[in-house]
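Next come the chains, spelled out residue by residue.
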Amino acid sequence: MAITLGPNQYGKAEVRLVTVQREGTVHHLKDLTVSTSLRGDLAATHLTGDNADVVATDTQKNTVYAFAKEAPVGEIEDFALRLGRHFVGSFEHITGARILIDEHGWNRISGHDHAFSQAGSEKRTTAVTVQGDQAWVVSGLDDLVVLKSTGSEFHGFPRDEYTTLAETNDRILATAVTARWRYQGDGIDWATSHAEVRRILLETFADKHSLSLQQTLYAMGEAVLKEREEVAEVRLSLPNKHHFLVDLSPFGLKNDNEVFYAADRPYGLIEGVVLRDDAEDAGLAWHTLAAF
Ligand SMILES: O=c1[nH]c(=O)c2[nH]c(=O)[nH]c2[nH]1
């Protein structure tokens, strides 16, 4: 029996980085969580403990902070590309890098130069994979919580001896959107693209009369691909944040779709990929070592 080392990567996870950029008295804040993973010819350290080719994860962390000082962080996609290309370009045995960045939003407190309030749970994300001189960018957002109080139905599903769910022509539809979209082409304006994709996701969720969350998922992805040619593929994960009608009949009251119980679990989880048939090849864009 032969035993061999399989795919591996290593790096520093969740480096917390906050930068303050000063423009006179007006400050600009960036709040990022950066994770670096390096790949390459790393058999020696695994097999013998020879660390000659191991760029320490501590060095990776320091590089994140030093890069944030040496030039403005800018858009997270650009920062991730800079970091990834640096590691691959600087160390002979490092042939690939995967840089994940989450951006936590802060809103300026109205009229204040240097005071902010946290925007909420939503995060802007990017995952950049560099391999040799190639690079792939997958951006997205996490935890964009949305709800519509009508314009959603769910009926026509099979009924068996275990089915209790009532059919409905008018329900609350709520979800926390996790979206990932894969970019294709060059010269992408990351900030504009992100803002536009987010706008399209929100508008489609609001406008599309929904017969299922699955139908809404497809419509959201389709709308992004129709309007944004720089996007090759959209992946969505939509937890169905159920709002159940409360039975008020024990109190002699009728519930005219007004009083709901917002359940937090279990929840339906609707996930899917929407893609163009002429999209550029995905390459290593989605490539993770999701072993655990
Ligand atoms: O939009 C929905 N899709 C489902 O698959 C489902 N299943 C369920 O119980 N409620 C819903 N709603």
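Residues numbered from 1 in each chain as written. Predicted model: local features only at pLDDT ≥ 70, side-chain atom pairs only at ≥ 80, totals over all residues. Heavy atoms only, no water.

Draft legend 1. Structural view of helix H5 (residues 213-227). A rise of 1.5 Å per residue sets the reference length of H5, with its 15 residues, at 21 Å; its end C-alpha atoms lie 21 Å apart and thus fit the reference within 8%. Within the span of H5, buried status applies to Leu213, Thr216, Leu217, Ala219, Met220, Gly221, Ala223, Val224 and Leu225. Looking at the packing, one finds that the buried side of H5 touches strand S6 (173-183), helix H4 (190-207), strand S7 (231-240) and strand S10 (268-275). (Helix = DSSP H or I, 4+ residues; strand = E, 2+ residues; numbered from the N terminus. Expected span 1.5 Å × (residues − 1). Buried < 20%, exposed > 50% of the residue type's maximum accessible area, 1.4 Å probe, protein only. Contact = heavy atoms within 4.5 Å.)

Draft legend 2. Main features of the domain arrangement of the chain. Domain parsing of the chain yields domain 1 (1-132) and domain 2 (140-292). Just the C-alpha atoms count here: the centres of domain 1 and domain 2 sit 29 Å apart. With both sides pooled, the region where domain 1 packs onto domain 2 buries about 1400 Å², and carbon together with sulfur makes up 50% of that total. Considering only the surface of domain 1 that becomes buried against domain 2, Glu122, Arg124 and Thr125 emerge as the three largest contributors, covering 35% of it. On inspection of domain 1 and its partner domain 2, the count reaches two salt bridges. Among the ionic pairs, Lys123 bridges to Asp142, the shortest N-O distance being 3.9 Å. Contributing elements (two or more residues each) for the side of domain 1 that touches domain 2: helix H3 (76-90) and strand S4 (116-131). In terms of residues, the side of domain 1 that touches domain 2 owes the most to one element, S4, which gives seven residues. A per-class count over the side of domain 1 that touches domain 2 returns two nonpolar, six polar and eight charged. (Domains from an automatic or database assignment. Buried area = accessible area lost by both parts, 1.4 Å probe. Salt bridge = Lys/Arg side-chain N within 4 Å of Asp/Glu carboxyl O. Nonpolar A, V, L, I, M, F, W, Y, C, P; charged D, E, K, R; others polar.)

Draft legend 3. Just unusual backbone geometry, in detail. With an omega of -5°, the peptide bond between Arg265 and Pro266 qualifies as cis. Inspection of the secondary structure puts Pro266 in the loop between strand S9 (260-262) and S10. With a phi angle near 60°, Glu14 is a residue other than glycine that sits in the positive phi range. Summarising the element assignment, Glu14 is placed in the segment before strand S1 (15-23). In the Ramachandran plot, Asn257 falls in the positive-phi region, its phi being about 60° despite a non-glycine side chain. Here Asn257 is to be found in the loop between strand S8 (243-245) and S9. For Asn257, a relative accessible area of 29% gives the class partly exposed.

Draft legend 4. Geometry of the UniProt feature "binding site: 5-hydroxyisourate" (unreviewed entry) in the chain. As annotated by UniProt and renumbered to match this structure, "binding site: 5-hydroxyisourate" (unreviewed entry) occupies Thr57, Phe154, Arg171, Gln214 and Asn240. In terms of the greatest pairwise C-alpha distance, the residues named above, spread along 184 residues, do not form a single cluster, extending to 49.5 Å across. Tracing the chain through its elements places Arg171 in the loop between strand S5 (134-148) and S6. Beyond its immediate chain neighbours, meaning those up to four positions away, Arg171 contacts Lys148, Ser149, Thr150, Ser152, Glu153, Phe154, Ser212, Leu213 and Asn240. (UniProt positions renumbered as here; feature names shortened; annotations may be inferred.)

Draft legend 5. The arrangement of a nonpolar patch on the surface in detail. Together, Leu165, Phe244 and Tyr261 line one region of the surface with nonpolar side chains, adding up to about 300 Å² of accessible area. By the secondary structure assignment, Leu165 is in the loop between S5 and S6. Judged by its relative accessible area of 38%, Leu165 falls in the partly exposed class. (Patch = residues over 30% accessible without salt bridge, like charges linked within 9 Å, V, L, I, M, F, W, Y side chains within 5 Å. Areas by Shrake-Rupley, 256 points an atom, 1.4 Å probe, with all protein chains shown as cover.)

Draft legend 6. Fine view of the pairing of strand S2 (residues 26-40). The element S2 is largely enclosed, with a buried count of eleven among its 15 residues. In this sheet, S2 lies alongside S1 in antiparallel orientation, the contact comprising nine bridges. Across the sheet, residue Val15 finds its bridge partner in S2, namely Val34. Counting the residues in the hairpin turn of S1 and S2 gives two residues, including Gly24, whose phi is positive at 65°. By the bridge criterion, nine bridges tie S2 to strand S3 (residues 94-108) in an arrangement that is antiparallel. Paired with Val34 across the bridge in S3 is Ile101. (Pairing = 2+ DSSP bridges.)

Draft legend 7. Molecular detail of the packing of helix H2 (residues 57-70) against H3. The interhelical angle for the contact between H2 and H3, taken along N-to-C directions, is 130°, at an axis separation of 11 Å. With respect to H3, the element H2 is oriented oblique. Crossing angle aside, the handedness with which H2 passes H3 is right-handed. On H3, the residues that touch Gln60, Thr63, Val64, Phe67 and Ala68 of H2 are Phe79, Arg82, Leu83, His86 and Phe87. Residue classes in the contact of H2 with H3 are distributed as six nonpolar, three polar and one charged. (Axes fitted to C-alpha atoms, helices over the stretch in contact; angles between N-to-C directions. Parallel < 35°, antiparallel > 145°, perpendicular 65-115°, else oblique. Left-handed = near helix turned anticlockwise from the far one by under 90°.)

Draft legend 8. Quick look at H4. Relative to the 26 Å expected for 18 residues at 1.5 Å per residue, H4 spans 25 Å between its end C-alpha atoms, a close match to the ideal helical length. Taken as a whole, H4 has its buried residues at Trp190, Ser193, His194, Val197, Ile200, Leu201, Thr204 and Phe205. Burial along H4 is one-sided: seen end-on, the buried residues are contained in an arc of 130°. Where H4 is buried, its residues touch H3, S4, S5, S6, H5 and S7. (Arc of directions from axis to C-beta.)

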